[in-house]
Amino acid sequence: MGSGGSVSGVRWGELRDATGAAAGGIPPLLSRIAYGDEDTARIAIDDLGDAICALGFVVGEATAPTIPFLLELAGSPHVACKAELLDLLGSICRTDQWHSAAAATQGRKHDASYQQQTGWEAASRAAVYAGRSVIEGVASSIRPEEATPARRLLQVMDYTPPFPEL
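Cut-offs and rules
- Residues numbered from 1 in each chain as written.
- Predicted model: local features only at pLDDT ≥ 70, side-chain atom pairs only at ≥ 80, totals over all residues.
- Heavy atoms only, no water.
- Helix = DSSP H or I, 4+ residues; strand = E, 2+ residues; numbered from the N terminus.
- Rg over C-alpha atoms; globule rule 2.2 N^0.38 Å.
- Buried < 20%, exposed > 50% of the residue type's maximum accessible area, 1.4 Å probe, protein only.
- Areas by Shrake-Rupley, 256 points an atom, 1.4 Å probe, with all protein chains shown as cover.
- Lys, Arg positive; Asp, Glu negative; His and termini not counted.
- Charge placed at Lys NZ, Arg CZ, Asp CG, Glu CD.
- Phe/Tyr/Trp six-rings, centres within 6.5 Å; stacked < 30°, edge-to-face > 60°.
- Lys NZ or Arg CZ within 6 Å of the ring centre and 35° of its normal.
- Expected span 1.5 Å × (residues − 1).
- Contact = heavy atoms within 4.5 Å.
- Core = buried A, V, L, I, M, F, W, Y, C linked by side-chain atoms within 4.5 Å.
- Axes fitted to C-alpha atoms, helices over the stretch in contact; angles between N-to-C directions.
- Parallel < 35°, antiparallel > 145°, perpendicular 65-115°, else oblique.
- Nonpolar A, V, L, I, M, F, W, Y, C, P; charged D, E, K, R; others polar.

Draft legend 1. Seen up close, the overall build of the chain. Tallying secondary structure elements over the chain gives eight helices and zero strands in all. Against the globule reference of 15 Å for 166 residues, the chain gives a C-alpha radius of gyration of 16 Å, in line with a compact fold. With the C-alpha coordinates of the chain rotated into their principal frame, the extents come out at 50 × 35 × 25 Å. For the chain, with 166 residues in total, the buried portion stands at 45%. Split by element, the accessible area of the chain, about 8,400 Å² in all, is 54% carbon and sulfur. Taking the 13 positively charged and 20 negatively charged side chains of the chain as two groups, their mean positions are separated by 3 Å.

In structure tokens form, the structure reads like this:
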């Protein structure tokens, strides 16, 4: 998979996904999205969503490292299910679960307990932003089934600026 660094260069076995499970299942899901037919890809995107954006709004340690590969897939001409990929990136971008929890406990003793999680969230949102040019490319596609969800993701990005440094 293209230039953005290789899937094998990430130490998946040392990372935890959004459910707290080891992230070793992520690379095979990325392969299925890249090389599978539409049904295979759609199921893999669903499973990947559960792993990196649990319940649609909880990111984990493995989320940010997965995003460059999602962006690469979204920008690849032959990949099926781009709308689902772009929607998953939108969900990740909107996630502020841990920041909200941290804000709610501000000044109380739990403060430090969310630092790691808010870091995952900020890194994940920043990783989506880093792919803006890829998403803009898809948004200019002549195929509405790709362009429309890409434009929707750009709107999400415009409404959810990167988190301020803590």
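Draft legend 2. Spatial organisation of the packing of aromatic side chains. Tallied over the full model, the rule gives two aromatic pairs. An angle of 50 degrees between the planes, with centres 6.2 Å apart, marks the rings of Trp12 and Phe69 as tilted. You can see Trp12 sitting in the segment before helix H1 (26-35) and its partner Phe69 sitting in helix H3 (residues 63-75), a full 57 residues away along the chain. Here the two residues Trp12 and Phe69 agree in accessibility, since each one is buried. Its guanidinium or amino end placed over the ring of Phe163, Arg125 lies 3.8 Å from that ring's centre, counting from NZ or CZ.

Draft legend 3. Inspection of unusual backbone geometry at higher detail. Here the phi dihedral of Leu55 falls at roughly 60 degrees; this positive angle occurs in a residue that is not glycine. By the element assignment, Leu55 lies in the loop between helix H2 (38-52) and H3. In this model, Cys81 sits at a positive phi of 60 degrees, which is unusual for a non-glycine residue. A relative accessible area of 7% places Cys81 in the buried class.

Draft legend 4. Local environment of helix H4 (residues 82-94). With 13 residues, H4 should cover 18 Å at 1.5 Å per step; its first-to-last C-alpha distance of 18 Å lies within 8% of that length. Packing partners of the buried residues in H4 comprise H1, H2, H3, helix H6 (115-130), helix H7 (132-139) and helix H8 (144-159).

Draft legend 5. Region of interest: the nonpolar core. Grouped together as the largest cluster of nonpolar side chains are 42 residues, with contacts concentrated most on Leu70 and Ile92. Those elements that place two or more of their residues in this core are H1, H2, H3, H4, H6, H7 and H8.

Draft legend 6. Representation of the packing of H2 against H4 within the structure. H4 packs onto H2 with a crossing angle of 10 degrees between their chain directions and a minimal axis gap of 10 Å. The angle between the axes of H2 and H4 places the two elements in the roughly parallel class. Contact residues: H2 offers Arg42, Ile45, Gly49 and Ile52, while H4 offers Glu84, Leu85, Leu88 and Ile92. Along the lines of polarity and charge, the residues of the contact of H2 with H4 split into five nonpolar, one polar and two charged.

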